[in-house]
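# A look at the structure
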Amino acid sequence: MHPKRKQKLIFILAGLALVGSAVGLVLYANTENMSWFRTPTEIATGDYVIGQSVRVGGLVKVGSVARADQGLETSFTLTDGANEVKVTYDKIMPDLFREGQGIVAEGKVVEGVLVASEVLAKHDENYMPAEAAEALERAGHPMGMGINQEYKEQY
Amino acid sequence: MIAELGFVALLLAMALSVLQSFFPMIGVVNKNLWLMQTGRPLTLGVFVMLTIGFLCLGYSHAVDDFTVAYVANHSNSELPMQYKISSIWGGHEGSMYLWIYILSGWALAVSIFSKSLPRENLATILAVMGMVTLGFLLFLILTSNPFERILPIPPEDGRDLNPLLQDIGLILHPPMLYMGYVGFSVAFVFAISALISGNLDSAWARWSRPWTNIAWVFMTLGIALGSWWAYYELGWGGWWFWDPVENASFMPWLMGTALIHSLAVTEKRGMFKSWTVLLAIFTFSFSLLGTFLVRSGVLTSVHAFAADPERGYFILALLALTIGGSLTLFAIKAPGLRSRASFTLFSRESFLLINNVLLSVSCFMVLLGTLYPLIFDALGLRKISVGPPFFDFFFTKLMAVLILALAIGPLLKWKKNEYKTLKKFAAIGAVASIALGFIAMYWYGNGEINFAVWLGLSLCFWLGFGILKAFKDNTRNAKSFMGGLKKLAPSFYGMQFAHFGMIITTVGVVMVSNYETEEDIRMAVGEAVQYDEYEFRFEGAYPVIGPNYSAMRGEMLVFRDDEKVVRLSPEKRNYNASGQIMTEADIDAGLMKDLYVSMGEELNSNGDWSVRIHIKPFVRWIWLGTIFMSIGAVLAILDRRYRKTIKVKN
């Protein structure tokens, strides 16, 4: 083969190998690191894969937040109006975590309880995380419809 | 009255930018000198109008004119003056205004400092600049007018600036970042005008390089500022979250970094021409994409402002027009761009190519991870989220390869380099790096083996040896080492400085990721806990009153070997106007480690608190490295050849 052409070929092959391994990495990394969105209703009806990370959006049920006497463990109930799921969390709650507030909890479901590794509340108290709003909307909860709409109009 | 004046100025700016988009261009086509020369005064006119508008907006903020909706939504009469001013870019409308204002500032700078450019080029460049400005001015005026009034019943007081944004970091972060985002428009416009004229010689690359470097410096510092701000202000102690909006700024940065290196090849060797043009187009496109992602609210993020589909569609249309238009132009003109020069596998060109491929792939992967949830959503699949582990996984690997090549690249000659000149260095350097990496890891980790740290530090030593070797090679012919150093060009120093910054940042990332301590715990008054060699003693929390907030301030004493190191006083603030709660961490900052304490919440009536305690080794190095990189990029453009072109042409 002509040396020039040979060199071009090596470049192209190297490029392909790089892109190929990049795509391979994406596929590999994704099976491990994606979190699937679920609503409380889906968790309650068992519609999730055991051992896979899920994100559950909903409202923190009023009166459900309970703190341990020792340590940081907090438990609360997340609702979409139709069904509920119990959540436990042993880290510091975000500043905007309050009863009645829309939040998203990420973690794994163990025996029907969501053991959260992260709890997300919006940095603005007028706003609800999109996933929480969608869970409410799907379950037909009235708060799922209006809240972000109203926010939009204010800004 | 002032707000209306501002709006009129905005309209006038738009009218002038219409003229700026067409007059010089028509002049080029019809070879009409007078029309070509309208570019510069029109650019100045747009800038002056936007300045008047900006001052009006600033005035409305300063005097608390709450009849203006934007002021009412983002400011408050209790706010200290510096935050009243910075609240101009605290929300969507104002920050878009700042974006456009900076764009017109760049256009003005080009029109002032590019007198040496041929008339036709300058006219085309200013016209394309005008088109970009016009597009965004339309967006601002039609969808996001910052001068809109709330009449007839204005609120009594403003809704306040989000307390997170009441901080020096946020006064500086957006303008810096925008300078970078928008600054890449210059490289883009240069590339487009070169495509239009069909004249892509090395002079074109030489004009582009200083502008690209300056934009890149702003971008680098802007991102670093954002990371630093998030670290101390969000109260989580993280310095990078792979948040969609961070990614939005990181993608143009990666592309811009590739562009800087590719421009070097185009300038020095007249090669990679079409690739460089493509990179310039992509870098600015990613800037626009970033703006779109942040503004449209399509992605859930801590940064996202209110979601508004109408605004999203408008920017999406602008984005499609820019990318579509420029790529079409590229497709028509690029086949004519052939470079005759060639190079071999082991040459500086091919190593710069490796740099470009790795940075582009990284950027592509960040894009994929950022858009994955959107793609899933659009396909009607389930909502998903892609977390930091995905990004960490591929990014660390690609960067490891990048650093591996980075040490070698600058040592190679252009066109062709013999393998044997580097054989000895590569062998000794590799062994020494691995050994030193091991020793450093072993010593710092107290005998614990950590492969990630070993690899990371070895790579840093490897790059360090590469830099030393470059200095040795380049002073070889001088009488003395010091004499040789004096003779080296600023661009050489610039390159080595920037690469040295890469070492510093990498050390920071490796050390803090592997050796940090992050604990959330419950503490009673008087309780003490031990982490590493530090004892943290909680003395309780008591109320304090600030200028526009009330707070609970915790007192944490830190001891080391029974000796007091520092007293940390983190706060939990409640802002009066908005009622928003905010966590104000207290940090004992140090070059070798940061002690970081922030307050969670009061857990019972005895005064127990949840507290976050972090020990972060070398975290400052992450930001320190970016300062070196920036200095390097500035040094590089002080090179004589950039000044020479101006003088010769004059």
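Note that the structure is predicted; figures quoted are calculated from it, not measured. (Residues numbered from 1 in each chain as written. Chains lettered and ligands numbered in written order. Predicted model: local features only at pLDDT ≥ 70, side-chain atom pairs only at ≥ 80, totals over all residues. Heavy atoms only, no water.)

### Things to note about the overall build of chain B
When you go through chain B residue by residue, the secondary structure sums to 20 helices and eleven strands. In terms of C-alpha radius of gyration, chain B reaches 27 Å, essentially the compact-globule figure of 26 Å for 650 residues. When burial is assessed residue by residue, chain B has 60% of its 650 residues classed as buried. Surface exposure of chain B reaches about 26,500 Å², of which carbon and sulfur atoms provide 66%. Averaging the coordinates of the 51 positive side-chain charges in chain B and doing the same for the 46 negative ones gives two points 22 Å apart. (Helix = DSSP H or I, 4+ residues; strand = E, 2+ residues; numbered from the N terminus. Rg over C-alpha atoms; globule rule 2.2 N^0.38 Å. Buried < 20%, exposed > 50% of the residue type's maximum accessible area, 1.4 Å probe, protein only. Areas by Shrake-Rupley, 256 points an atom, 1.4 Å probe, with all protein chains shown as cover. Lys, Arg positive; Asp, Glu negative; His and termini not counted. Charge placed at Lys NZ, Arg CZ, Asp CG, Glu CD.)

### Examining the overall build of chain A
Across its full length, chain A carries four helices and seven strands. When the helices and strands of chain A are read in sequence order from the N terminus, they spell out α-β-α-β-β-β-β-β-β-α-α. Counting the 155 residues in chain A, one finds 43% classified as buried. Taking the contacts inside chain A whose residues are at least 6 apart along the sequence as the reference set, 53% of them involve residues at least 24 apart. Of the roughly 7,900 Å² of accessible surface on chain A, 55% is carried by carbon and sulfur atoms. (Contact = heavy atoms within 4.5 Å.)

### A look at the pairing of strand S5 (residues 84–89) of chain A
Residue and element names in this part refer to chain A. Alignment of strand S4 (residues 74–79) against S5, held across six bridges, turns out to be antiparallel. Bridge pairing in S5 links Thr 77 to Lys 86. Where S4 folds back onto S5 in an antiparallel hairpin, the turn is made up of four residues, including Gly 81, whose phi is positive at roughly 95°. Direction of pairing for S5 relative to strand S7 (residues 113–120): parallel, over a ladder of three bridges. Looking across to S7, one finds that Val 87 is bridged to Leu 114. (Pairing = 2+ DSSP bridges.)

### Quick notes on a nonpolar patch on the surface
All names here are of chain B. Taken together, Ile 2, Leu 5, Leu 44, Val 48, Ile 52, Tyr 59 and Val 63 make up a surface patch of nonpolar side chains, about 550 Å² in accessible area. At the level of elements, helix H1 (2–30) and helix H3 (39–62) are the ones that each hand at least two residues to the nonpolar patch. Here Ile 2 shows up in helix H1. By relative accessible area, Ile 2 is classed as partly exposed at 32%. (Patch = residues over 30% accessible without salt bridge, like charges linked within 9 Å, V, L, I, M, F, W, Y side chains within 5 Å. Salt bridge = Lys/Arg side-chain N within 4 Å of Asp/Glu carboxyl O.)

### Examining the domain arrangement of chain B
All names here are of chain B. According to the domain assignment, chain B contains domain 1 (1–161) and domain 2 (517–620). For domain 1 and domain 2, the distance between their C-alpha centres works out to 43 Å. When the two sides are added together, the surface that domain 1 and domain 2 hide from each other amounts to roughly 420 Å², 48% of it contributed by carbon and sulfur. When the buried surface of domain 1 facing domain 2 is broken down by residue, Glu 78, Pro 80 and Asp 160 rank first, second and third, together holding 75% of it. One can count one residue pair in polar contact (both at pLDDT 80 or more) joining domain 1 with domain 2. (Domains from an automatic or database assignment. Buried area = accessible area lost by both parts, 1.4 Å probe. Polar contact = N/O pair within 3.5 Å; in protein donor to acceptor, adjacent residues only side chain to side chain.)

### A look at helix H6 (residues 92–113) of chain B
At 3.6 residues per turn, the α-helix brings residues three or four places apart onto the same side. With 22 residues, H6 of chain B extends 32 Å between its outermost C-alpha atoms, agreeing within 8% with the 32 Å of an ideal straight helix rising 1.5 Å per residue. Counting buried residues along H6 of chain B, 19 of its 22 residues qualify, which places the element largely inside the surrounding structure. (Expected span 1.5 Å × (residues − 1).)

### Brief notes about the sheet that holds strand S11 (residues 609–617) of chain B
Residues and elements named next belong to chain B. With antiparallel pairing, four strands are arranged side by side in an open sheet as S2-S11-S10-S9. Edge positions in the open sheet fall to strand S2 (517–523) and strand S9 (586–588), since each of these has one partner strand only. Neighbour-to-neighbour, the strand axes of this sheet turn through a mean angle of 20°, independent of strand direction. Pairing geometry for strand S10 (residues 593–602) and S11, over eight bridges, is antiparallel. When the bridges of S11 are listed, Leu 595 appears paired with Ile 615. (Axes fitted to C-alpha atoms, helices over the stretch in contact; angles between N-to-C directions.)

### A look at the pattern of salt bridges
Residue and element names in this part refer to chain B. Per the stated rule, a full pass over the model turns up 24 salt bridges over all chains. The closest approach of N and O atoms between Arg 269 and Glu 349, which form a salt bridge, is 2.4 Å. Linking Arg 269 in helix H10 (residues 244–269) with Glu 349 in helix H13 (residues 348–378), this pair joins segments that are 80 residues apart in sequence. Overall, Glu 349 belongs to the buried group, its relative accessible area being 0%.

### Observations regarding the side chain of Asp 243 of chain B
If you trace the backbone, Asp 243 of chain B turns up in the loop between helix H9 (202–233) and H10. A polar atom in the side chain of Asp 243 of chain B sits 2.9 Å from the backbone nitrogen of Val 245 of chain B.

### Details of the packing of aromatic side chains
Residue and element names in this part refer to chain B. All chains considered together, the criterion is met by 43 aromatic pairs over all chains. Both rings, one in Trp 216 and one in Trp 253, keep their centres 5.6 Å apart while their planes meet at 25°; by these two values the pair is stacked. One end of the pair, Trp 216, is in helix H9; the other, Trp 253, is in helix H10, with 37 residues separating them in the sequence. Like Trp 216, the residue Trp 253 is buried in the burial classification. When the ring of Phe 618 is compared with that of Trp 621, the centres are 5.0 Å apart and the planes differ by 75°; the resulting orientation is edge-to-face. The buried category is assigned to Trp 621, whose relative accessible area is 18%. Each member of the aromatic cluster is reached from another via a ring pair, and the members are Trp 216, Trp 240, Trp 242, Phe 250, Trp 253, Phe 390, Phe 391, Phe 394 and Phe 395. Above the face of the Trp 414 ring, Arg 348 is positioned so that its terminal group lies 5.3 Å from the ring centre. Positioned above the aromatic ring of Phe 393, the side-chain terminus of Lys 397 is 4.3 Å from the ring centre. (Phe/Tyr/Trp six-rings, centres within 6.5 Å; stacked < 30°, edge-to-face > 60°. Lys NZ or Arg CZ within 6 Å of the ring centre and 35° of its normal.)

### Things to note about the confidence of the model for chain B
Confidence in the prediction of chain B, expressed as mean pLDDT, is 89, and 96% of residues score 70 or more. ipTM for the predicted complex: 0.75, alongside a pTM of 0.90. (pLDDT = per-residue confidence, 0-100.)

### Digging into the nonpolar core
Counting residues in each nonpolar core, the largest one holds 184 residues, and the members touching the most others are Leu 50, Trp 99, Phe 190 and Trp 204 of chain B. Counting residues domain by domain, this core receives three or more from each of domain 1 (1–161) and domain 2 (517–620) of chain B. The residues touching Trp 204 of chain B, leaving out its near neighbours within four places in the chain, are Phe 190, Ala 191, Ala 194, Asn 199, Leu 263, Thr 266, Thr 276 and Val 277 of chain B. Within the second largest apolar cluster, 19 residues are counted, among which are Val 54, Phe 97, Ala 105 and Leu 114 of chain A. (Core = buried A, V, L, I, M, F, W, Y, C linked by side-chain atoms within 4.5 Å.)

### Brief notes about helix H15 (residues 420–444) of chain B
The first and last C-alpha atoms of H15 of chain B sit 36 Å apart over 25 residues, in line with the 36 Å expected at 1.5 Å per residue. Looking at the buried positions of H15 of chain B, the neighbouring elements they touch are helix H14 (388–408), helix H16 (451–474) and helix H18 (490–515) of chain B.

### Structural notes on the environment of Ile 43 of chain A
When you line up the elements, Ile 43 of chain A lands in helix H2 (residues 40–44). What makes Ile 43 of chain A buried here is its relative accessible area of 5%.

### Things to note about the side chain of Ser 347 of chain B
Residue and element names in this part refer to chain B. Assignment of secondary structure puts Ser 347 in the loop between helix H12 (309–333) and H13. Within the local environment of Ser 347, its side chain forms a polar contact with the backbone oxygen of Thr 344, the two atoms lying 2.8 Å apart. In this structure Ser 347 touches Leu 412, Lys 413, Lys 415 and Lys 416, once residues within four positions along its chain are discounted.

### Here's the deal with the packing of helix H8 (residues 168–197) of chain B against H9 of chain B
Residue and element names in this part refer to chain B. With their axes 7 Å apart at the nearest point, H8 and H9 run at an angle of 155° to one another. Comparing their axes, H9 and H8 come out roughly antiparallel. Read as a crossing pair, H8 and H9 show a hand that is left-handed. Its residues assigned to classes, the contact of H8 with H9 shows 25 nonpolar, eight polar and no charged. (Parallel < 35°, antiparallel > 145°, perpendicular 65-115°, else oblique. Left-handed = near helix turned anticlockwise from the far one by under 90°. Nonpolar A, V, L, I, M, F, W, Y, C, P; charged D, E, K, R; others polar.)

### Looking at the packing of H1 of chain B against helix H7 (residues 119–143) of chain B
Residue and element names in this part refer to chain B. Across the interface, H1 lies against H7 with an axial gap of 8 Å and an inter-helix angle of 150°. Crossing geometry of H1 relative to H7 is assigned as left-handed. Here the residues of the contact of H1 with H7 sort into 20 nonpolar, five polar and one charged.

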